[in-house]
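Results of the structural survey
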Amino acid sequence: MSEKGFLTRYIGADFTKVEILTREPNKRTKNPNAYVIVARAYKEQALPMPVRPELSLANARDSLKELWLFPIAPEFCNLACTHCLYAASPLRKNPYRLTEEELTRIFTELDSLGAAPHLLVTGGEPTLHPQLYTLLAQVDQRGYSFQLHTNGTRIHPKEAEHLAGFAHLKKVQISLEGPSPELNDAVMGQGLYQRVLRAIAELRTREVPVAIAVTPMESNQDHLTQIEQFAEEKGAELVHILLYDLGAAIDNGLKPAAVTPHNDGPMDITLMCDKGVAYSEGKYFACPVLVKDPDARLGNSLSEALSPQAREQVMRLRDTKAACAVCLKGSS
Amino acid sequence: MSNGKKIGEMTPQEIRQLVAEKYTEVAQAPRNRYKFRVGTGYARDLGYSVTLLESSPSALSEAFTGVSASLVALSEAKPGETILELGCGGGLDTALLAGRVGANGRVIGIDCAEPMLKRARTNLRQLGYINVMLLPAPAENLPLADNSVDCVVSNGIFNLSADKDAIFAEIRRVLKPGGRTVNAEIVLRTEPTQAERDSQEDWFT
């Protein structure tokens, strides 16, 4: 048996981290062709199997925890960030605007299912919707807990006042991709660092809860601690966003941070598609990441999107979509 | 079992019996001449501590047939661990492991040659180790529960088995998740000749 033949048997038996610790001369026999190795291998540590909640139509009341809402199309934005998974930009003038009728229809269906998920209002840049604050007021009046994801550029004193007036707004999430104008603006655009800071100040002055969202990438991986400190100084929560190999991130060849930023508290192993669906351009999708992917379209109504067939479709997506691999690896 | 058969013509069971018979002979007459080295002088040449060998009962190392003196140190056996030793022989490594795992740990030694186990049992009792369990069993079919040991060690046993994959599968089965196996083994630079393959005597070299 050769050294290679011996080591191959460990692999064949499913051992991991196979390693030769020493090579020594053979003193046991006179065989000049033989030598002694000491090898080590491990039986892999079994990962605790995440218990995935069953998102289902039958139990929508308890299982539908989140509903992502796109008031405008995902690619419609006043900025063109280099890492945008939708490759959104001011040049992509998709005319879709969420109407009050649509919103009412969503609420009616939620009521009929007995579900009251947390609403995540996102985009694109949702503040580009001319009636955004009217729509949010409806959400708030109906008592849904909700949050708003924005780049902050259109949050001025008047908008901050609006937001401060909502009883059920849990937080406003604002992106910041670096702790300095140079690092941030390389991703978001010239002058954005100052504009983001101004928006955060307007909101914090009025005691609106703010979360600063950073996407750990190669370019900012050495500055994540600084961003964390920055968030703490501003009285803001810090959220890490996963970088998906989609949209502008592909065109710009961006790579996720090699070092995983430390995260306090227990890791959330629940995937977005385990706890909710996304509503974009009049249709329901498996998650907010895949709202431009026809394969992830689950139907026109919530009952279609939560049907057993749709749930099977989500499971198939997880096996095939590169974006799903990102979530499964990094949790959400 | 000098039946003159070529190794290639023997069943794994026949080979196992051949090995058991050979090591029974070694256990009973360690000073006979073999095609492989046996005993205290050989253990010293390999690098086992002279102090250790001289302070232990001579029976502990006189039937020693391992291949490396580094195994026990490299196993990194720690107090409280359960270690399984495949082919414990006269018990030299077994005693060293028993000292490492301490009163809260356990060493399970298996060997297919009863007289070797008897020798090891006497030696370990004499040394006062009560945290050792010695069982007659082939490495290819371990009498242990799944996920039951922290570490498996062996010192030159795979070359003697006709079903090496079965040993690897058994090691994996009995190891706890995250457990390790540390194995000292003789390997060859080039493939053995057909004559060497065929010879029963060369099976042990």
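Just above, that's the structure.
Residues numbered from 1 in each chain as written. Chains lettered and ligands numbered in written order. Predicted model: local features only at pLDDT ≥ 70, side-chain atom pairs only at ≥ 80, totals over all residues.

1. A few points about the overall build of chain B
Within chain B, the secondary structure is distributed over 8 helices and 5 strands. Starting at the N terminus and ending at the C terminus, chain B contains elements arranged as α-α-α-α-β-α-β-α-β-β-α-β-α. Every one of the 205 residues in chain B was classed for burial, and the buried ones make up 48%. The contacts in chain B between residues at least 6 apart in sequence include a share of 72% that link residues at least 24 apart. (Helix = DSSP H or I, 4+ residues; strand = E, 2+ residues; numbered from the N terminus. Buried ≥ 20, exposed ≤ 12 C-beta atoms within 10 Å, placed from the backbone. Contact = placed C-beta atoms within 7 Å.)

2. As for the overall build of chain A
In terms of helices and strands, chain A carries 13 helices and 11 strands. Residues counted as buried form 38% of the 332 residues belonging to chain A. Within chain A, residue pairs in contact and separated by at least 24 positions form 68% of the contacts whose partners lie at least 6 positions apart.

3. Overview of the sheet that holds strand 8 (residues 237–240) of chain A
All names here are of chain A. Spatially, 8-7-6-5-4-3-9-10-11 is the arrangement adopted by the 9 strands of the open sheet, whose pairing is mixed. The open sheet has two free edges, formed respectively by strand 8 and strand 11 (297–299), since each of these has just one partner strand. Strand after strand, the sheet turns through a mean of 30 degrees between neighbouring axes, direction not considered. Alignment of strand 9 (residues 276–280) against strand 10 (residues 283–285), held across 3 bridges, turns out to be antiparallel. Its bridge partner lying in strand 10, Ser280 is registered against Lys283. Strands in contact with helix 7 (residues 192–205) are strand 6 (169–175) and strand 7 (210–214); relative to strand 6, the strand with the most contacts, it is inclined by about 165 degrees. (Pairing = 2+ DSSP bridges. Axes fitted to C-alpha atoms, helices over the stretch in contact; angles between N-to-C directions.)

4. Observations concerning the interface of chain B and chain A
The interface of chain B with chain A comprises 35 residues on the first partner and 32 residues on the second. Among the elements of the structure, helix 2 (40–46), helix 4 (71–75), helix 7 (164–174) and strand 5 (175–188) of chain B are those that each provide at least two residues to the side of chain B that touches chain A. By the bridge criterion, 9 bridges tie strand 2 (residues 34–42) of chain A to strand 5 of chain B in an arrangement that is antiparallel. Within strand 5 of chain B, the residue paired with Tyr42(A) across the bridge is Arg180(B).

5. Digging into the nonpolar core
The biggest cluster of nonpolar side chains holds 77 residues, and the ones touching the most others in it are Ile212(A), Phe285(A) and Ala286(A). For this core, the leading source of residues is helix 7 of chain A, giving 6 residues. (Core = buried A, V, L, I, M, F, W, Y, C linked by C-beta atoms within 7 Å.)

6. Considering the sheet that holds strand 2 of chain A
To summarise the sheet geometry, strands pair through backbone hydrogen bonds and adopt either a parallel or an antiparallel arrangement. The mixed open sheet is built from 7 strands, whose spatial order is 1(A)-2(A)-5(B)-4(B)-1(B)-2(B)-3(B). What marks the edges here is a single partner per strand, and that holds for strand 1 (16–25) of chain A together with strand 3 (132–136) of chain B. Here the average twist between neighbouring strands, direction ignored, is 15 degrees. Alignment of strand 1 (residues 82–86) of chain B against strand 4 (residues 149–155) of chain B, held across 4 bridges, turns out to be parallel. Each bridged residue has a counterpart across the sheet, and for Leu86(B) the counterpart in strand 4 of chain B is Ser154(B).

7. With respect to the packing of helix 1 (residues 12–28) of chain B against helix 6 (residues 114–127) of chain B
Residue and element names in this part refer to chain B. Two numbers describe how helix 1 lies on helix 6: the axes approach to 7 Å, and their chain directions differ by 35 degrees. Where helix 1 abuts helix 6, its residues Tyr23, Thr24, Ala27 and Gln28 lie against Glu114, Pro115, Met116 and Arg119. Looking at the contact of helix 1 with helix 6 residue by residue, the classes come out as 4 nonpolar, 2 polar and 2 charged. (Nonpolar A, V, L, I, M, F, W, Y, C, P; charged D, E, K, R; others polar.)

8. Digging into helix 7 of chain A
Residues and elements named next belong to chain A. A rise of 1.5 Å per residue sets the reference length of helix 7, with its 14 residues, at 20 Å; its end C-alpha atoms lie 20 Å apart and thus fit the reference within 8%. Burial in helix 7 covers these residues: Leu192, Tyr193, Val196, Ala199, Ile200, Glu202 and Leu203. Lining the buried residues of helix 7 we find helix 5 (157–164), strand 6, helix 6 (181–188) and strand 7. Downstream of helix 7 by a residue or two, Glu207 has a phi angle that is positive, lying close to 60 degrees. (Expected span 1.5 Å × (residues − 1).)

9. Structural notes on the environment of Asp14(A)
As for its placement among the helices and strands, Asp14(A) is situated in the loop between helix 1 (3–12) and strand 1. When the C-alpha atoms of Asp14(A) and Tyr42(A) are compared, they prove to be 9.0 Å apart, with 28 residues separating the residues in sequence.

10. Re unusual backbone geometry
Residue Gly124(A) is bonded to the preceding Gly123(A) through a cis peptide linkage, with omega at 15 degrees. In this structure, Gly124(A) sits in the loop between strand 4 (118–121) and helix 4 (132–141). Although it is not a glycine, Ala87(A) adopts a positive phi angle of roughly 50 degrees. Assignment of secondary structure puts Ala87(A) in the loop between strand 3 (66–70) and helix 3 (100–113). You will see that Glu76(B), though not glycine, has its phi angle at about 50 degrees, which is positive.

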